[in-house]
Amino acid sequence: MESNTPPIWNSPEDETPPPTRSSPLRLVRHSATFLGVSVVSGALLAGMALPAVGALGLSAKNTAEGFEDIPDDFKTPPLTQATQIFDAKGGLIAKVYERDRTVLTAEQMSPLMRQAQVDIEDARFYEHGAVDPKGVLRAISKNAESGTTSQGASTLTQQYVKNVNVEKAGDDPVAVREAQRKTLGRKIQELKIAIKLEEDLTKDQILTNYLNITYYGNGAYGVEAASQRYFGKSNKDLTVAEAATLAGLVQNPSQYDPKAHPQASLNRRNTVLDKMLENGHITADQAKEAKAAPLGLNYKEPQNGCITAKAGMGFFCDYVRHVVKQDPVFGATAAERKKLWDQGGLNIRTTLDPDKQAAAQNAVSSNVRVTDPVSAAASMVEPGTGKILAMAQTRPYGLSESKNQTVVNFNVDAAMGGGNGFQPGSTFKPIVVAAALEAGLTPVQEYASPNKLEYPTVKTCEGTWKNTTKPKAVVPNESANEQGPYQLKEAMALSVNTYFVQMEQEIGLCAVKQMANKLGIATKASGKPLEEVPAMGLGVEEVSPLSMAGVYATFAANGKYCAPLAVTSITTVDGKDVPVPPARCETAFSADTAKVLNAVLNGVTETGTGRDLGLEGDRQIAGKTGTSDKKKAAWFSGYTPQLATSVWIGGPNGGVEMRNITINGKYRKEVFGADGPGPIWRDAMNQALRGTPKQTMPMADIPDPAPRKDPKDGDSASGSPTGSPTGSPTNARTGGGRTSAPATTPGRPPANAPANAPASAPAGAPAGAPADAAANAPAGQND
C-alpha cells in the first residue's frame, strides 16, 4: 500500500532503501513495531482498552486523555482554494491562492481518476474499515522479507486524516510539524478520527474529500489543480495514462515529479497501470496502449498572485485584495476578512474596464519610460457610480529593483497599498471654489489678487491660523506681471494663487476641509489628518490620483460623490453569493455649484493653462492643471460627463525636482501640469472614449468681467490693478465682455512657457510643520 506521507514507523532515509541483509534482532524490531500497531488497531476496532500501549512506551492514562481531546468534526474541513479575479467583461485578471486548489463534487470528478487513486493507494478501500488488518500483516511480511520498513499500512482514510491535520495547520510551521509528527500518540489519534469518519461518511464521500485535499506536487492541491498543472485540462478529460500519472504522484510528489524526473514518473505511472489491470479496472489492451504512450505533459507554470496579472492590472488586483481584507462587509474583524481571503475559492467580478485600462496603460507607458527618474500614474473613475475603470502606472508590479519594479501603487492611499501620496498643486483649487459657492459666494466673486501676498489670518474648525513666521510667509503668483483684480473664471483659468488664498480667508479653512471630506479626502494619503493651513487650497496636502479622480468625477456627476468601487459581485466556487460593498454615494454639493464648476473648469481647457489638451472630435471637457512646489509633482485632472481621469507625474518617492530633466528621451527645462501629465491625460481619454457618443455637461452662464487695460495706461475699467486692500474681497463685477482671452493678459507668458517665479523666495515651513507655520511655504504654484 502506498502512503501520501511516510508511515510513522519509517524514517526518511528508509523511503528508498538499498538492499540489505537484516539481523534477526532487526527483523524482530520490525515485527514488534507492526504487531504493536496491529494490536492497537484491533483494540480500537473492538472498542476495547489498550493493553499493549504500555509496552510501546505510551501510558494508558495519557492515551485516554488524548482521545478525549481529539475533535470530532473532520467531515468537511474548509479547504483553501484559488480565488479568481475578473475584469468587468469577464476576462481573468489573476488567480491568487495560498494553495492552488479547486474543490470538486464526486460528480465533477473523473471516475477513471478516482479508481486509479484507489488502486495504487488502497486497493481494498471499499472492503475494510478505517484500519486494514490484512494490510498491516502484509506490510509486516514484506518488510521482514526485505529487511526494511519500506511498506506502510495506512489506509486511505488514515491518509485523509493526516492531510486534514496538515491543512488545518496552515502556514504555521510549528503546527505543521506537530501534524506530521511520527509518533505512536499521533498515529492513535489519527486512527480514532478515521474510525469516527467511517461511521459518519460513506466511502465515496471520504474518497472525494481525499482527492480534493491531497498534494500532487508543483503547488497543485487536489485532482483538478493537478490536472490543470500537468496536462492543461480538466480532470474529467484525462486519459488512462494521464490519470495513472497523477495517481502515482501522491506517494512522493518530488520523487515522481514528471517535469523534473520524467523516467521515474513514467515507471511509477506504469506501476499504477499494473495495479489497475490487476484489480480489473482496465483491460490488458488499455494497459498496453497506456504504457506505450509518452508522458504527454502540457505543463502550466503556477500562476499565482497579482504579479501574474497582464496589461498592467497587477496594482488593481492588489487593490482588490486590500478591499477584501479591509471592508467590514467581508467580516466584522480583520481576522475574519483575512480568513475569507486566505481560504479563497472566490470568483470576484470587478469594475475594471479592460479597454480603458489599456488606454490608461498605453498613455502612461508611451509618455514616461520605466527607466526615467520620474514615474506616472493614472486613475479613471465613472461619474455617478464611483466605479474604478482603470488604474495604470509606468513602474510595473513586482519585486525586482533592477527592473524598476515596485509593489507600491502610486494611484492609491497608503492603507490600500500605496505610498504617502503627492502634493496635487492647483488641482485642489476647485475644492476651495466648491466650498465657497456652497457658502454663498457668487460665480463672479472678485479679489484684489496682488502679485504677492502675506498669508492672512484665517479661521479654522478649531480656532484661528496665524502667520507667525519671521519674516512672514508669502505666497506669490507664477508671473511677476500677474496681478489683480481677478474674478473666479479668469483666476481659475490662470491659476492665480493669491486669489484662492483670499477666497480661503473669506470662507475659512474649516469650510475647505469639510468640502474635501465630502469629496472623499478625509485624510492625507498617508492617513495623517489634513492640516488647516492657507496653503491647503494651493495643494500641499498629499493625496493620490484615485482620490483626485473621485473629486473630479463628482464635478461631472452634478455634485454626487461616490466612494471608489472596485468589486461588483463575488460568488464561491459552488455558486453561492458573497455580500459585497454597495455603491456609497451622497450629495457633496448642489447641482448649481456643479454647473459653475463645469463652466469654470471648462474655461481652463479652452483659454487657460489646459487649452492645448482638447480631445478628438471637439469633445466638451473640463479640468485643471497642477504643479507642486519645486516641481516635484505635476498633475492634470479632468473629465467629460461619462469619464473622469486624474494623472500624476513625479518622483516615485516625491523627491525629484522636475527641472533640467529628461523624460521619455526629451529634455525638459521645467515640467508643468499642462505639458507633463496633460498629454498623458489627453492620450488616455482619447483612446478610452473613442467610438463613444459625445455628451455635453450643464454649465452656468458666467458673465466676463469688464475689459482690462494695460496697467501702464492707468486705471483699468474696473479700477487700479491692485484693486481692494490686500486680503479683502472686492465687490463682484457683472456684465461686460472680454476683449482678449485670459491667456493673453498683458505681461502673462503663454501657458506652455511659464515665467520664472519672483526672485525673492518666500519664507515659511514645509507642509507637516505645526499649525502656526505649516504650509506657509508656497506650493501648488499656478501653472
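Residues numbered from 1 in each chain as written. Predicted model: local features only at pLDDT ≥ 70, side-chain atom pairs only at ≥ 80, totals over all residues. Heavy atoms only, no water.

We now examine the sheet that holds strand S16 (residues 622-627). Spatially, S5-S4-S18-S17-S16 is the arrangement adopted by the five strands of the open sheet, whose pairing is antiparallel. The open sheet terminates on both sides in strands that have one partner only, identified here as strand S5 (388-393) and S16. Strand after strand, the sheet turns through a mean of 5 degrees between neighbouring axes, direction not considered. As paired elements, strand S17 (residues 633-640) and strand S18 (residues 643-650) share eight bridges and run antiparallel to each other. (Pairing = 2+ DSSP bridges. Helix = DSSP H or I, 4+ residues; strand = E, 2+ residues; numbered from the N terminus. Axes fitted to C-alpha atoms, helices over the stretch in contact; angles between N-to-C directions.)

With that settled, consider empty space enclosed by the protein. One pass over the full model with this rule turns up six cavities of 30 Å³ or more. Computed from the structure, the second largest cavity encloses a volume of approximately 40 Å³. Along the walls of the second largest cavity sit Val-381, Glu-382, Pro-383, Gly-384, Gly-386, Gly-550, Ala-553, Thr-554, Ala-557, Lys-560, Tyr-561 and Cys-562, which together make up its complete lining. When contributions to the lining of the second largest cavity are tallied by element, the ones reaching two or more residues are helix H20 (545-556) and strand S12 (560-562). Tallied by class, the residues present in the lining of the second largest cavity amount to six nonpolar, four polar and two charged. (1 Å grid on protein atoms, 1.4 Å probe; cavity = no way out; pocket = protein on both sides within 12 Å on 5 of 7 lines; lining within 4 Å. Points joined across faces, edges and corners; volume = space filled by probe spheres on them. Nonpolar A, V, L, I, M, F, W, Y, C, P; charged D, E, K, R; others polar.)

In space, the five strands of this open sheet follow the order S2-S1-S3-S13-S14, with mixed pairing throughout. The outermost strands of the open sheet, each flanked by one partner alone, are strand S2 (92-96) and strand S14 (577-578). As judged from the four bridges shared by strand S1 (residues 83-86) and S2, these two strands associate in the antiparallel manner. In the strand pairing of S2, Gln-84 is matched with Lys-95.

Here the focus is the pairing of strand S3 (residues 346-350). Of the two faces of S3, only one is covered, namely that formed by Leu-346, Ile-348 and Thr-350; the face formed by Asn-347 and Arg-349 stays uncovered. The sheet contact formed by S3 and strand S13 (residues 567-572) spans five bridges and is antiparallel. Counted as the bridge partner of Ile-348 is Ile-570 from S13. (Buried < 20%, exposed > 50% of the residue type's maximum accessible area, 1.4 Å probe, protein only.)

Before going further, it helps to spend a moment on the confidence of the model for the chain. The predicted model of the chain averages 83 in pLDDT, with 79% of residues at 70 or higher. With pLDDT under 50 throughout, residues 1-70 is counted as low confidence; its partners more than four residues away or in other chains account for 108 contacts. A low-confidence stretch, residues 714-781 (pLDDT under 50), is modelled with 185 contacts involving residues beyond four sequence positions or located in other chains. (pLDDT = per-residue confidence, 0-100. Contact = heavy atoms within 4.5 Å.)

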